[in-house]
Structures are given as structure tokens and as C-alpha cells.
Amino acid sequence: FLQYVWFQHYFLFFVSFQPLFSFISDMSGKMLIFTREGNFLYARKLNKNIHDACCHDYRSAADLKRGHTLFSLATIYSTNQFVISWDDTNKEMEFYIDGRKVTFEGIDYKPNVWHSVCTTWSAQTGLLQLWFDGQRLMNKYSGNGLIRGPVKIVLGQEYYNRGYKMEHSFMGSMSDVHMWDYILSNCDIQNYMNELSFPPGNVLNWKALDLSIAEGVFTREQLWFV
């Protein structure tokens, strides 16, 4: 089984005492700005089983000097079903697949620069692939299995049993978040990296996002820092 995820810093997150505003919006040419610790985007419960694969793409930029979580997918069976984080201490990208940790080192994760990230994972083979700023890194084994829905997705935070940790929250800008329940071709992934034509996500689609957004997350026209 395969799954794709595309994002520019996307989070699945619940915070107490913060109002959520729900909307469905075409975010083409726009970015989300996370202004403080605890901000999050919450894609409401998706009644979709992801049996075969996962592909996730996004772009993000930040100037944080600590680790942070970019994308989190939880089910009733596992809170760490599919998580993407940056470990600033060890300078590596971390992935948790059903709680199993896989890391990618040697990544030039510069501050105040937009980074494009694409990850693919096959539920049949357990192989995890990372593309970072157009560079394809080696495959790593994360274990096979299924993502049994329904799923919840948070951008900018990681879910811990019954809550969240502020110190793991993302602060910065995010854009072009997509997710598929199949693996894109290498050509489509390169097209995403180069901002050319590619099929929009069928699980998460930046052009038709159905989200709940916390107070303090703002929508602005896309700005490129470099």
C-alpha cells in the first residue's frame, strides 16, 4: 500500500481555549503564517482509509532555532501514524510511521528560506522516500502496514496522547500542502518541486482546503524570500 504527502509546513493540532474558524478555500498563490507557539491548522476528521500508500508535499520557511513538527497524521490506533519533524539538535529530518522512527541526515535546512519537501511511503514494502529541495535522498525502510482511517491531520504540531507540546510547534510560513493516497511519479514530484503542473492531492488539496484554523494563523499572498 502506498501513500503520498505534499506540504509547505502543515500541522494537525488541537489547543484548548483557542477558537477555531472553519473554511473551505482555494489557497493558490497564498501562504499561511504561523505567528506564535501553539498556532495550528486542523484538517477535520477525514473518513478515508489510506490502504496502499502515502505521498505528502509542502513548502515552508522558518527561522526557528529549535526542533518543530511540520505535519502530523493520527488515527484512533496511533497518534504517531505519520509525522514529519525537524530535529534541530541533530540536524536531521525525522519521520514517525506508526510510531517507528526514521531519520534523514545531511539536509541543508537553512532559516528564512523556502524549502520544498515531498515524502512517499509504501504500505506494502515499508520503503520511505524523501525529496528535499529537488534532491532525491536514498530509500529507507520504516516497516510496512496500513493506515486505517478515519484520520485526523494537523499542520505545525504533533499530537501526544491527550494533548500537544508548545515547544514542538511550528512558527513560520507554509504553502502548497498536498497529500495523496498513492505515490506520484518521479516526473510529477519534480514538477511540484519546480512549481509546474502536477495532479492535486486527493486527500489534501491546497486548491480546496477544508480546514479549521486557530486564531493567530494568517493567510497572505505568497512571498518568496530568495
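An unreviewed UniProt entry annotates the protein as Pentraxin family member of Acanthochromis polyacanthus. Turning to the protein, the UniProt annotation filed under Subunit (unreviewed entry) states: "Homopentamer. Pentaxin (or pentraxin) have a discoid arrangement of 5 non-covalently bound subunits." Per UniProt, the protein carries the Sequence similarities (unreviewed entry) text "Belongs to the pentraxin family."

**Details of the side chain of Q81**
Topologically, Q81 is positioned in the loop between β7 (68–74) and β8 (82–87). Engagement of the side chain of Q81 in a polar contact is seen with the side chain of T75, the distance being 3.4 Å.

**A few points about the pairing of β8**
With six of six residues buried, β8 lies mostly within the body of the structure. One ladder, built from six bridges, connects β8 with strand β9 (residues 92–97); its direction is antiparallel. Within β9, the residue paired with F82 across the bridge is I97. Adjacent in sequence and paired antiparallel, β8 and β9 are bridged by four residues, among which K91 carries a positive phi angle near 55 degrees.

**Details of the packing of aromatic side chains**
One pass over the structure, following the stated rule, counts seven aromatic pairs. Where F95 meets F104, the ring centres are 5.6 Å apart and the plane angle is 85 degrees; that geometry is what we call edge-to-face. By the burial criterion, F95 is buried, and F104 matches it. These aromatic residues form a ring-pair network of at least three members: W86, Y109 and F132. For the cation-ring pair, R59 lies above Y192, with the distance from its terminal atom to the ring centre recorded as 3.9 Å. Seen from the ring of F104, K140 lies directly overhead, with NZ or CZ sitting 5.0 Å from the centre.

**What to know about the pairing of strand β12 (residues 127–132)**
Of all six residues making up β12, five are buried, and the element is well covered by its neighbours. Pairing of strand β11 (residues 115–122) with β12 involves five bridges; the strand directions are antiparallel. Paired with T120 across the bridge in β12 is Q129. In this structure, the hairpin formed by β11 and β12 is closed by a connection of four residues, where G126 is found at a positive phi of approximately 80 degrees. Pairing of β12 with strand β14 (residues 140–141), which is carried by two bridges, proceeds in the antiparallel orientation. In the sheet register, L127 faces β14, and the bridge partner there is Y141. Where β12 and strand β13 (residues 135–136) come together, two bridges link them in antiparallel fashion. Bridging across to β13, W131 finds its partner in R136.

**Let's talk about the pattern of salt bridges**
This model, assessed by the stated rule, comprises six salt bridges. A salt bridge links K30 to E221; the shortest N-O distance between them is 3.9 Å. Highlighted residues: K30 in strand β4 (residues 30–34) and E221 in strand β20 (residues 217–221), separated in sequence by 191 residues. Taking relative accessible area as the criterion, K30 reaches 25% and is therefore assigned partly exposed. The partner of D108 in a salt bridge is K110, with the nearest N and O atoms 3.6 Å apart.

**A closer look at the nonpolar core**
Counting 42 residues, the largest nonpolar core has F71, M93, F104 and I107 as its most contacted members. Among the nonpolar cores identified, the runner-up in size contains nine residues, and C55, W131, I189 and Y192 belong to it.

About the thresholds
Residues numbered from 1 in each chain as written. Predicted model: local features only at pLDDT ≥ 70, side-chain atom pairs only at ≥ 80, totals over all residues. Heavy atoms only, no water. UniProt positions renumbered as here; feature names shortened; annotations may be inferred. Helix = DSSP H or I, 4+ residues; strand = E, 2+ residues; numbered from the N terminus. Polar contact = N/O pair within 3.5 Å; in protein donor to acceptor, adjacent residues only side chain to side chain. Buried < 20%, exposed > 50% of the residue type's maximum accessible area, 1.4 Å probe, protein only. Pairing = 2+ DSSP bridges. Phe/Tyr/Trp six-rings, centres within 6.5 Å; stacked < 30°, edge-to-face > 60°. Lys NZ or Arg CZ within 6 Å of the ring centre and 35° of its normal. Salt bridge = Lys/Arg side-chain N within 4 Å of Asp/Glu carboxyl O. Core = buried A, V, L, I, M, F, W, Y, C linked by side-chain atoms within 4.5 Å.

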